[in-house]
Amino acid sequence: MTGAAGDRERGHMELAKPLVDDDGRPLRTGTLWTASAHIITAVIGSGVLSLAWGVAQLGWVAGPAVMGLFAAVIYYTSTLLAECYRCGDPVFGQRNRTYIDAVRATLGSSKERLCSAMQLSNLFGIGIGVSIAASVSMRAIKRAGCFHWKGHKDACHASTSPYIAIFGVIQIVFSQIPDLDKVWWLSTVASIMSFSYSSIGISLGVAQIIVNGGMKGTVSGVIGVSAGVTVMQKVWRSLQAFGNIAFAYGFSIILLEIQASHQQS
């Protein structure tokens, strides 16, 4: 009985131990599927909704060229970050679970504050971009309803300010949910939504091509008196399109966090 009781006691002690990794940090529970869901959510984010507009403003030459440029930049950046996941030995070295951990281990503490400020500024900008995209989308839904009831002759003006405030309040509420990063199904739902609105966008584009009897647009994009766009408006819209395309390629900012959640990393 003593041996059996001792085994039970040791078993209870093992169960009582906190679930941690070999480095003493919380145990990683991510799988290939959850990591893929995170990546899809990050890559096919709300930024893809403005790609068509951005290409229309830049034209058929500069538009695809800018998309290719940022795709190459994000690929190169992601490759570098993936190499920074472990320090020293690529298999048994210390894990860098965040971007700042990688900076501290690779470049030293002197660069930590600078890179932290850059990362926070980037996150702040992405937050602004997401808020604007959400408010513009909600305003578009309201205007669509207005056009349905009043007809397209009505201007159906609507401000984005109330929707930005609503979106901000919702984000504050959701940010209070404890361990939100461990809700694995959330990224799965987000992935389904990403595929859904991307498919809707592609379908609408194909339908418009059929209605127009072919693909429209010019090499230089939207410009000229006939299009109602002045030179200064063209410059502003081109810069805005450049920023929108850059916003759509923001995957690397959370690459290490996704990699650190995977059990096999």
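Because the structure is predicted, anything quoted here is derived from the model rather than measured.

1. Some remarks on the pattern of salt bridges
Moving on, step 1. Tallying each qualifying case throughout the model produces two salt bridges.
Moving on, step 2. Several salt bridges share partner residues, and in doing so they unite D101, R104 and E112 into one network.

2. What about the state of the cysteines?
Moving on, step 1. A full pass over the atoms with the stated rule returns one disulfide.
Moving on, step 2. The partner cysteine of C146 in its disulfide is C156, sulfur to sulfur 2.0 Å. Torsion about the S-S bond of the C146 and C156 cystine: about -80°, corresponding to left-handed handedness. With C146 in helix α5 (residues 112–150) and C156 in the loop between α5 and α6 (161–175), this pair connects stretches of sequence that are ten residues apart.
Moving on, step 3. Here C87 stays unpaired: no disulfide links it, and the sulfur of C84, its closest cysteine neighbor, is 8.0 Å away.

3. A closer look at the packing of aromatic side chains
Each aromatic ring pair is summarised here by two numbers: the centre-to-centre distance and the angle between the ring planes.
Moving on, step 1. For the coordinates displayed, the defined rule picks out one aromatic pair.
Moving on, step 2. When the ring of F70 is compared with that of F242, the centres are 5.2 Å apart and the planes differ by 65°; the resulting orientation is edge-to-face. Taken together, the positions of F70 in helix α3 (residues 51–83) and F242 in helix α8 (residues 231–248) put the pair 172 residues apart, joining distant regions of the chain.
Moving on, step 3. Given a relative accessible area of 17%, F70 falls into the buried group.

Calculation rules
- Residues numbered from 1 in each chain as written.
- Predicted model: local features only at pLDDT ≥ 70, side-chain atom pairs only at ≥ 80, totals over all residues.
- Heavy atoms only, no water.
- Salt bridge = Lys/Arg side-chain N within 4 Å of Asp/Glu carboxyl O.
- Disulfide = S-S within 2.5 Å.
- Helix = DSSP H or I, 4+ residues; strand = E, 2+ residues; numbered from the N terminus.
- Phe/Tyr/Trp six-rings, centres within 6.5 Å; stacked < 30°, edge-to-face > 60°.
- Buried < 20%, exposed > 50% of the residue type's maximum accessible area, 1.4 Å probe, protein only.

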